[in-house]
Amino acid sequence: MHIPDGFLDPLIAGLFWLGSGLAIGIAIRRARGELGDERTPLLGVVAAGIFAAQMLNWPIPGGTSAHFVGGAFAGILLGPYLGVLAMTAVVTIQALVFGDGGIIALGGNLFAMAVVDVLVGYGLFRAFRGFHETGAAFVAGWGAITVSALAVGVGVGASSAFAYEWSTTVPIMVVGHALLGLIEGAITAAVYGYVANARPNLVVGRVADDALAPEVGA
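None of the values given here were measured: they were computed from a predicted structure.

Let's shift gears to the packing of helix α3 (residues 71–78) against helix α5 (residues 106–128). Following both chains from N to C, one finds α3 and α5 inclined at 55 degrees, their axes separated by 7 Å at the closest point. Comparing their axes, α5 and α3 come out oblique. Note that α3 runs across α5; the crossing there is right-handed. Along its contact with α3, which presents Gly71, Ala72, Gly75 and Ile76, the element α5 presents Met113, Asp117, Val118, Gly121, Tyr122 and Phe125.

Moving on to the pattern of salt bridges. Taken as a whole and judged by the stated rule, the model has one salt bridge. With its nearest N and O atoms 3.5 Å apart, the salt bridge here joins Arg129 to Glu133.

What follows concerns the side chain of Asp9. Along the chain, the position of Asp9 falls in the segment before α1 (10–31). Here Asp9 occupies a buried position and makes no salt bridge, while the nearest side chain of opposite charge, Arg29, is found at 32 Å.

Bringing the packing of aromatic side chains into the picture now. Enumeration over the complete set of coordinates arrives at four aromatic pairs. When the ring of Phe16 is compared with that of Phe111, the centres are 5.6 Å apart and the planes differ by 45 degrees; the resulting orientation is tilted. Separated by 95 residues along the polypeptide, Phe16 in helix α1 and Phe111 in helix α5 bring together distant segments of the chain. Residue classification places Phe111 among the partly exposed positions, given a relative accessible area of 25%.

Conventions and cut-offs
Residues numbered from 1 in each chain as written. Predicted model: local features only at pLDDT ≥ 70, side-chain atom pairs only at ≥ 80, totals over all residues. Heavy atoms only, no water. Axes fitted to C-alpha atoms, helices over the stretch in contact; angles between N-to-C directions. Helix = DSSP H or I, 4+ residues; strand = E, 2+ residues; numbered from the N terminus. Parallel < 35°, antiparallel > 145°, perpendicular 65-115°, else oblique. Left-handed = near helix turned anticlockwise from the far one by under 90°. Contact = heavy atoms within 4.5 Å. Salt bridge = Lys/Arg side-chain N within 4 Å of Asp/Glu carboxyl O. Buried < 20%, exposed > 50% of the residue type's maximum accessible area, 1.4 Å probe, protein only. Lys, Arg positive; Asp, Glu negative; His and termini not counted. Phe/Tyr/Trp six-rings, centres within 6.5 Å; stacked < 30°, edge-to-face > 60°.

Written as structure tokens, this is what we have:
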């Protein structure tokens, strides 16, 4: 999922930076009032857990690899704005400290994993949680990583710097991540189910009696 430097044309990389910058800027402004006594340490715990899980990679055909992304889980547990910020920290540290993904391509990696993954996962969870919460978490984890892979495939395929075009990059990224997304969805559902049962007050949209908060249930 991480795009190395040299895979994106300057224009494509710049567009990714623009989209990521706008989304992260909005998240910073909207998240200012969401941090509280319980939410602040949870933000760090979620980011640290996702950071560790992302270090495990599985190779997929075409010379690429897949790994647990965790953006959907961050969005579900923290909400869309704090989720974007948590994933931004994870992806940025990976690039700057561990060289996982390029610096020039960081805008693309942020767009895929910190913006698209979080917002799609959160949206899918909100759409389906009325039917079954754990099932909604599974759909969110699977759908979010698949759409994120699509964003990467489109960006890389549109770049002349990369040897392959959309006809190759999109199927490889989407099909590979859609299959491995079943694992992402299962992990997302399992961890969400545990947290929702053990500490329902930490889940965005829930109140102390484990019922949906009015603004979520509406």
